[in-house]
Amino acid sequence: MSRRLGFALLGALVLAAVIVPYTLLRHVQAWYGSLLFWLLVGVAVVLLNLLVTAAFKEK
């Protein structure tokens, strides 16, 4: 995966973490709807960070 694509996906995940709970999950009355979404996005961000930064090496 290229760095540019990885960082673009990270940016999209961060935007989704802000936008989705306040738009698509707005009518979910239970608090755990947003919590589950944020948990899944958090795991995805960590895994994507591992993939993107795996190629970083010290010279």
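All values derive from a computational prediction rather than experimental measurement.

Colleague: Could you give an account of the nonpolar core, naming the residues involved and the relevant values?
Modeller: Core analysis: the biggest nonpolar cluster contains 6 residues, these being L10, A17, V41, V45, L48 and V52. Sorting the residues of this core by element identifies α1 (3-23) and α2 (32-53) as the ones contributing at least two each. Top contributing element to this core by residue count: α2, with 4 residues. When sequence neighbours within four positions are dropped, the list of residues in contact with V41 reads L13 and A17.

Colleague: Can you explain α1? Please cite residues and give values.
Modeller: Under the 1.5 Å per step criterion, the end-to-end length of α1 is 30 Å for 21 residues, consistent within 8% with the ideal 30 Å. The principal kink in α1, of about 30°, is found at A16. Of the residues making up α1, those classed as buried are G6, L10, A17, V20 and P21. On its buried side, α1 packs onto α2.

Definitions and limits used
- Residues numbered from 1 in each chain as written.
- Predicted model: local features only at pLDDT ≥ 70, side-chain atom pairs only at ≥ 80, totals over all residues.
- Heavy atoms only, no water.
- Core = buried A, V, L, I, M, F, W, Y, C linked by side-chain atoms within 4.5 Å.
- Buried < 20%, exposed > 50% of the residue type's maximum accessible area, 1.4 Å probe, protein only.
- Helix = DSSP H or I, 4+ residues; strand = E, 2+ residues; numbered from the N terminus.
- Contact = heavy atoms within 4.5 Å.
- Expected span 1.5 Å × (residues − 1).
- Bend = angle between axes of the 7 residues up to and from the residue.

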